[in-house]
Amino acid sequence: MKKYFIQFCLAILFLVLTNVVTAQWNPDPTVNNAIVNGANLESLQDVCSDGAGGSIFIYYVSISPNFVLRAQRINAAGNKLWGANGVEIVITQNIFNAVIKPVSGGGAIVSFVAQIAPAINLGVFAQRLDANGVKLWNAGNPVIVCNASGGQLNVRLAVFPDASSVMTWEDQ
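All of the points below concern the structure found in this document. Note that the structure is a prediction, hence the values are computed from the model and not measured. (Residues numbered from 1 in each chain as written. Predicted model: local features only at pLDDT ≥ 70, side-chain atom pairs only at ≥ 80, totals over all residues. Heavy atoms only, no water.)

### Concerning the pattern of salt bridges
Okay, so step 1: All told, the structure shown has 1 salt bridge when counted by the stated rule.
Okay, so step 2: Close ionic contact of Asp-50 with Arg-73 constitutes a salt bridge, the shortest N to O distance being 2.9 Å. Of this pair, Asp-50 sits in the loop between strand E1 (41-49) and strand E2 (55-63) while Arg-73 sits in strand E3 (residues 66-74); the two residues are 23 residues apart in sequence, bridging distant segments of the chain.
Okay, so step 3: You can call Arg-73 buried: its relative accessible area is 10%. (Salt bridge = Lys/Arg side-chain N within 4 Å of Asp/Glu carboxyl O. Helix = DSSP H or I, 4+ residues; strand = E, 2+ residues; numbered from the N terminus. Buried < 20%, exposed > 50% of the residue type's maximum accessible area, 1.4 Å probe, protein only.)

Rendered as structure tokens:
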């Protein structure tokens, strides 16, 4: 037991004394890269690689009474590539379980559960973004994957090398 405690202490000491291990793009470990600036951030939902050393983040912003699902691409140097506020994917009153997976060429597919209109049940929706953050599917509107009565939750997403995708969810 004493041996493991000493190894643990040495590992912690090593991490504290070295500046090599950082989880940010800025080389100064006291400065973090802001993905979103503003008081309306509700929740960072998911992140994926952009295939070029950077990442694509999806997050909700609250603009009462609605929520806006946005995406932001950050390159390997920590620069925002999709504007100061990212790109808007959808505006809705209810949104849950947003997930993102990369596609080749720097874009991504986003899937989420939302209530797009008050008369529509919670459904599964998707949108594809290219490397510049341009919405590619359904003239920029999210594609309805499933809106069966009773609603859906817990969407999961898999994307294949040819950019085809499979989504699963739980019917309520």
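### Quick look at the pairing of strand E10 (residues 165-171)
Okay, so step 1: Bridge analysis of strand E9 (residues 152-159) against E10 gives 6 bridges, and the strand direction is antiparallel. Bridge pairing links Ala-158 to Val-166 in E10. (Pairing = 2+ DSSP bridges.)

### A closer look at the sheet that holds strand E8 (residues 143-146)
Okay, so step 1: Taken together, 4 strands build an open sheet; the order of strands is E5-E6-E7-E8 and the sheet is antiparallel. The sheet is open, and its two edges are formed by strand E5 (94-102) and E8, each paired on a single side. In this sheet, neighbouring strand axes are inclined to one another by 25° on average, regardless of whether the strands run parallel or antiparallel.
Okay, so step 2: Sheet analysis places strand E7 (residues 123-129) next to E8, joined by 3 bridges and oriented antiparallel. Pairing of Phe-125 across the sheet is with Ile-144, part of E8. (Axes fitted to C-alpha atoms, helices over the stretch in contact; angles between N-to-C directions.)

### Some details on the nonpolar core
Looking at soluble globular proteins, one finds that nonpolar side chains tend to be buried together.
Okay, so step 1: Ranked by size, the top nonpolar core spans 19 residues in total, and within it Ile-58, Leu-69, Ala-71, Ile-89, Val-110 and Phe-112 carry the most contacts.
Okay, so step 2: Sorting the residues of this core by element identifies E2, E3, strand E4 (87-92), E5, strand E6 (108-115) and E7 as the ones contributing at least two each.
Okay, so step 3: Residue contributions to this core peak at 4 residues, all from E6.
Okay, so step 4: One finds Val-99, Ile-109, Ala-126 and Val-155 within the second-largest nonpolar core, a separate group that totals 10 residues. (Core = buried A, V, L, I, M, F, W, Y, C linked by side-chain atoms within 4.5 Å.)

### Observations concerning the environment of Ile-74
Okay, so step 1: When you line up the elements, Ile-74 lands in strand E3.
Okay, so step 2: Here the alpha-carbon distance between Ile-74 and Ser-55, two residues 19 residues apart in the chain, equals 5.4 Å.

### Considering the side chain of Gln-115
Okay, so step 1: Here Gln-115 is to be found in strand E6.
Okay, so step 2: At 2.6 Å, the side chain of Gln-115 and the side chain of Asn-94 are in polar contact.
Okay, so step 3: With residues up to four places along the chain from it excluded, the contact list for Gln-115 reads Thr-92, Gln-93, Asn-94, Ile-120, Asn-121 and Leu-122. (Polar contact = N/O pair within 3.5 Å; in protein donor to acceptor, adjacent residues only side chain to side chain. Contact = heavy atoms within 4.5 Å.)

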